[in-house]
Amino acid sequence: MGDPKGYDLLYRGIRFPGFNIPIKSNRPAKKMMVLAKQNGVVKLIHFGDSRYGHNYSAEARTSYLARSAKLSGAHSKLSANYWSRKILWAGPGGSVKRPPRK
């Protein structure tokens, strides 16, 4: 039977609501994690640095998406880059946390 929260998949002792559905990460240094599945390959991916805000302005979003498009894995569900672009940096809503000062 499933977990009361609806998290039915158990992978390495962690319950997930399903494949390709991001949830809060259990690693303090990361924001999110996802049990990704593509072409029969399953991989646990943690993404998003918890020390930084994300998507805090249109300029920041545009800049991040331009930079990360050149990195490998921009179109593969088995990469942290794909999930970060799709979940943390997509659309206008986002964190109000400001970027760290240099």
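Residues numbered from 1 in each chain as written. Predicted model: local features only at pLDDT ≥ 70, side-chain atom pairs only at ≥ 80, totals over all residues. Heavy atoms only, no water.

Some words on the packing of aromatic side chains
Turning to step 1, where the next piece is worked out: In the structure shown here, the tally under the stated rule is two aromatic pairs.
Turning to step 2, where the next piece is worked out: Between Y64 and W89, the aromatic rings sit 4.6 Å apart at their centres with planes inclined by 20°, giving stacked as the arrangement. Taken as a pair, Y64 in helix α1 (residues 58-69) and W89 in the segment after α2 (80-88) lie far apart in primary sequence, 25 residues in all. We note that Y64, like W89, is buried.
Turning to step 3, where the next piece is worked out: Residues Y82 and W83 carry aromatic rings whose centres are separated by 5.1 Å and whose planes lie at 85° to one another, so their mutual orientation is edge-to-face.
Turning to step 4, where the next piece is worked out: A relative accessible area of 17% means that Y82 is categorised as buried.
Turning to step 5, where the next piece is worked out: Using a relative accessible area of 1% as the deciding quantity, one classes W83 as buried.
Turning to step 6, where the next piece is worked out: Over the aromatic face of F19 sits the side chain of K37, whose NZ or CZ is 4.7 Å from the ring centroid. (Phe/Tyr/Trp six-rings, centres within 6.5 Å; stacked < 30°, edge-to-face > 60°. Helix = DSSP H or I, 4+ residues; strand = E, 2+ residues; numbered from the N terminus. Buried < 20%, exposed > 50% of the residue type's maximum accessible area, 1.4 Å probe, protein only. Lys NZ or Arg CZ within 6 Å of the ring centre and 35° of its normal.)

Overview of the packing of α1 against α2
Two numbers describe a pair of packed helices, the interaxial angle and the distance between the axes.
Turning to step 1, where the next piece is worked out: At their nearest, the axes of α1 and α2 sit 11 Å apart, and the two run at 155° to each other. Between α1 and α2, the interaxial angle falls into the category roughly antiparallel. As for how α1 packs across α2, the hand of that crossing is left-handed. Residues Y64, L65, S68 and A69 of α1 pack against N81, S84 and R85 of α2. (Axes fitted to C-alpha atoms, helices over the stretch in contact; angles between N-to-C directions. Parallel < 35°, antiparallel > 145°, perpendicular 65-115°, else oblique. Left-handed = near helix turned anticlockwise from the far one by under 90°. Contact = heavy atoms within 4.5 Å.)

Focus: the pairing of strand β5 (residues 41-49)
Turning to step 1, where the next piece is worked out: Inspection of the sheet shows strand β4 (residues 30-38) paired to β5 by eight bridges, in the antiparallel sense. The partner of Q38 across the bridge, within β5, is V41.
Turning to step 2, where the next piece is worked out: Between the antiparallel neighbours β4 and β5 lie two residues, among them N39 with a positive phi of about 55°. (Pairing = 2+ DSSP bridges.)

Overview of the sheet that holds β4
Note on sheets: strands pair through backbone hydrogen bonds, and any given pair is parallel or antiparallel.
Turning to step 1, where the next piece is worked out: Read from one edge to the other, the open sheet built from three strands follows the order β3-β4-β5, with strand pairing classed as antiparallel. Two strands lie at the open edges of the sheet, namely β3 (23-24) and β5, each paired on one side alone.
Turning to step 2, where the next piece is worked out: Pairing between β3 and β4: two bridges, direction antiparallel. In the strand pairing of β4, K24 is matched with M32.
Turning to step 3, where the next piece is worked out: Relative to β5, α2 is tilted by about 60°, and along the sheet it contacts β4 and β5.

Some remarks on α2
Turning to step 1, where the next piece is worked out: Residues of α2 that are buried include every one of N81, Y82, W83, S84, R85 and L88, and no others.
Turning to step 2, where the next piece is worked out: Along its buried surface, α2 packs onto β4, β5 and α1.

Here we look at the environment of Y7
Turning to step 1, where the next piece is worked out: The residue Y7 is located in the segment before β1 (9-11) in this model.
Turning to step 2, where the next piece is worked out: Remark: the alpha-carbon pair of Y7 and P17, spanning 10 residues in sequence, is separated by 3.9 Å.
Turning to step 3, where the next piece is worked out: Contacts of Y7, omitting those with residues within four sequence positions, involve R15, F16, P17 and I23.

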